[in-house]
Amino acid sequence: MTRSRAPLPPLPTDPFECLCQGCERPWEVATDPFEVARDTYYVGNNWVGAYLLASDDGLALIDTTMQPQVYLVLENIRKLGFDPLDIRKILISHMHYDHTGGVRALVEHTGAELLMSREDWDFMNRNPDQIFTEGYPFGSFTPDGFFDDDRPVQLGRRSIRTVLSPGHTPGTTSFFFEAEGADGRPALCGMHGGVGLNTMTDEALAVSGQPRSIRDDFLRSLLSLREIPVDITLGSHPKQVGMMEKVGLISPGHNPFQDPALWHQLIDGRIAQVRALMEDAA
């Protein structure tokens, strides 16, 4: 029997709406950490994601949430029994404040190597207003290196493939890595670095100075990413793929996040949305 699937919820259309979610009252978005696959954990909050990958050579952290929420990330890592000082690498999906706001504090605390895309590093230096800090605390930082899609990020035996996925920002990056699935076999985890179309409207592009062709770049990237056989879809914001609703379904031998159809559902939804945006703007 084929089970019907509810449509994924849309992302906010206001690029500044993210700043209302847990910045002034971070404790209101706090959530306990949980395992999404073997040695792979959600350590963000119930609005914006951060992922901890454990390896035989320390920890890697994907995204940092916002500066006022950093203590929640640190506490979640400790709740899992890990020491934040064992974080060796921090990987950034894109330059917006809700993903980079905690970078300065976490790098200074852990001494971790910081990696991001060169495209977003250049863009954020040319257009610092596009980080969308809106007056919230933001410590400047300098990456230690840039992603190379031809060379996965390596941490011990764990390998993280990066794929430049322009659209939401010029340097949005998606991540793919293997982890043990519920059946004990390798499962491919995938996180699109930023699926929001809020930065690709004519109004937003007029402010950022990006060309309308960024929408074409986004569409091409989505069509390519769709072909990757992802088993476990991770949301840069958990609401994108209904992650929080599945936490209570975790049980021995059952991983509710392991659903190969979900990746296509997420990507196909954004393909339809960007095509509609392009048609409306034509």
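Right, let's walk through the structure included here.

Across its full length, the protein chain carries seven helices and 12 strands. Taking 282 residues into account, the globule formula puts the C-alpha radius of gyration at 19 Å, and the protein chain, at 18 Å, falls close to it. When the backbone C-alpha atoms are referred to their principal axes, the protein chain occupies close to 50 × 50 × 40 Å. Taking all 282 residues of the protein chain together, the buried fraction comes to 55%. Pairs at least 24 apart in sequence give 69% of the contacts found in the protein chain among residues at least 6 apart.

The full count for this structure, using the stated rule, is 12 salt bridges. Between Glu108 and Arg104 there is a salt bridge, and its shortest N-O distance comes to 2.5 Å. Within this pair, Glu108 and its partner Arg104 are both found in helix 3 (residues 103-110), separated by four residues, close to a single helical turn. Classification of Glu108 as exposed rests on a relative accessible area of 56%. Between Arg215 and Asp202 there is a salt bridge; the shortest N-O distance is 3.2 Å. Here the residue Arg215 occupies a position in helix 6 (residues 213-225), and Asp202 occupies one in helix 5 (residues 202-208), the gap between them amounting to 13 residues. The exposure class assigned to Arg215 is buried, which follows from its relative accessible area of 3%. Judged by its relative accessible area of 33%, Asp202 is partly exposed.

Let's shift gears to empty space enclosed by the protein. As enumerated under the stated definition, the model contains one cavity of 30 Å³ or more in all. Put simply, the largest cavity is a space of about 60 Å³. As for the largest cavity, its lining consists of Met95, His96, Phe123, Gln130, Phe132, His168, Thr169, Pro170, Thr199, Ser208 and Gln210. Across the lining of the largest cavity, the residue classes tally to four nonpolar, seven polar and no charged.

Conventions adopted
Residues numbered from 1 in each chain as written. Predicted model: local features only at pLDDT ≥ 70, side-chain atom pairs only at ≥ 80, totals over all residues. Heavy atoms only, no water. Helix = DSSP H or I, 4+ residues; strand = E, 2+ residues; numbered from the N terminus. Rg over C-alpha atoms; globule rule 2.2 N^0.38 Å. Buried < 20%, exposed > 50% of the residue type's maximum accessible area, 1.4 Å probe, protein only. Contact = heavy atoms within 4.5 Å. Salt bridge = Lys/Arg side-chain N within 4 Å of Asp/Glu carboxyl O. 1 Å grid on protein atoms, 1.4 Å probe; cavity = no way out; pocket = protein on both sides within 12 Å on 5 of 7 lines; lining within 4 Å. Points joined across faces, edges and corners; volume = space filled by probe spheres on them. Nonpolar A, V, L, I, M, F, W, Y, C, P; charged D, E, K, R; others polar.

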